[in-house]
Amino acid sequence: MWFTRMLIKHEDLRRDLPSEATIVLLPDDDEELQEHNLRLFRRRIPEGPVVFVNVGRNAERAVVHRLSAEPGTAYALA
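Starting from 1, residues in each chain are numbered consecutively following that chain's sequence as written. In keeping with the model being predicted, local features are shown solely for residues with a pLDDT of at least 70 and side-chain atom pairs are shown and tallied solely at 80 or more, while totals for entire chains, interfaces and linings include all residues. Each side-chain value is worked out from all heavy atoms of the structure, with water and hydrogens disregarded.

Draft legend 1. Molecular detail of the pairing of strand β1 (residues 22-27). Only strands joined by at least two bridges in the DSSP assignment are considered to pair. A run of H or I in DSSP counts as a helix once it spans at least four residues, and a run of E counts as a strand once it spans at least two, with each numbered from the N terminus. Strand direction decides the pairing type here: β1 and strand β2 (residues 50-55), joined by 6 bridges, are parallel. Among the inter-strand pairings, T22 is bridged to a residue of β2, identified as V50. The handedness of a crossover follows from its direction of travel: if, with the strands pointing away from the viewer, the path from the first strand over the helix to the second runs clockwise, the crossover is right-handed. You can see the chain leave β1, run along helix α3 (residues 31-43) and come back into β2, and the turn it takes is right-handed.

Written out as structure tokens, the structure is:
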């Protein structure tokens, strides 16, 4: 739900996400969930675009990385 709020608040984030992208959430403060999400991703690597989202504490911020070496863009709910 927080990611939906992030998308609503940040038009540039909505615009930057490729259509039909697979989004992989990687919470900073939950290593077990992070590993779980990466295992799911590795089990069935999608054919389309992939976006990794590093989620900050309490989902107050997110850093978005496309599947590339490009630096990510940070977004906050504040």
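Still more to cover.
Draft legend 2. The packing of aromatic side chains, seen in detail. Pairing of aromatic rings covers Phe, Tyr and Trp, the last counted by its six-membered ring, and requires centre-to-centre distances within 6.5 Å; plane angles under 30 degrees mean stacked, over 60 mean edge-to-face, and any other angle means tilted. Counted by the stated rule, this structure contains 1 aromatic pair. Judged by centre distance (5.4 Å) and plane angle (75°), the rings of F41 and F52 are edge-to-face. Of this pair, F41 sits in helix α3 while F52 sits in strand β2; the two residues are 11 residues apart in sequence, bridging distant segments of the chain. The cut-offs for exposure are 20% and 50% of the maximum accessible area for each residue type, with area from a 1.4 Å probe on protein chains only; residues under the lower value are buried, those over the upper are exposed, and the others partly exposed. According to the relative accessible area criterion, F41 is buried, its value standing at 13%.

Draft legend 3. Quick look at a negative patch on the surface. By definition, no residue in a patch forms a salt bridge, and every one has over 30% relative accessible area; like charges are joined within 9 Å, nonpolar side chains (Val, Leu, Ile, Met, Phe, Trp, Tyr) within 5 Å. We get accessible surface area from the Shrake-Rupley algorithm with a probe of 1.4 Å; when it comes to residues, only the shown protein chains can shield them. One side-chain nitrogen of Lys or Arg within 4 Å of one carboxyl oxygen of Asp or Glu is enough to make a salt bridge. In this tally, Lys and Arg are treated as positive and Asp and Glu as negative; His is ignored, and so are the chain termini. By convention, the charge on Lys lies at NZ, on Arg at CZ, on Asp at CG and on Glu at CD. A surface patch of like charges, here negative, comprises D30, E31, E32 and E35. The topology assignment puts E35 in helix α3.

Draft legend 4. A look at α3. Working rule for helices: expected span equals 1.5 Å times residues minus one. Taking 1.5 Å per residue, 13 residues should reach 18 Å; α3 reaches 18 Å between its end C-alpha atoms and fits that length. Of all the residues in α3, the buried ones are N37, L38 and F41. End-on view of α3: buried residues confined to an arc of 100°, all on one side of the axis. Of the exposed residues in α3, those oriented more than 90 degrees away from the buried face are E32, R42 and R43. Here the buried face of α3 lies against β1 and β2. The arc in question is traced by the directions running from the helix axis to the C-beta atoms. Every residue pair with non-hydrogen atoms within 4.5 Å of one another is taken to be in contact.

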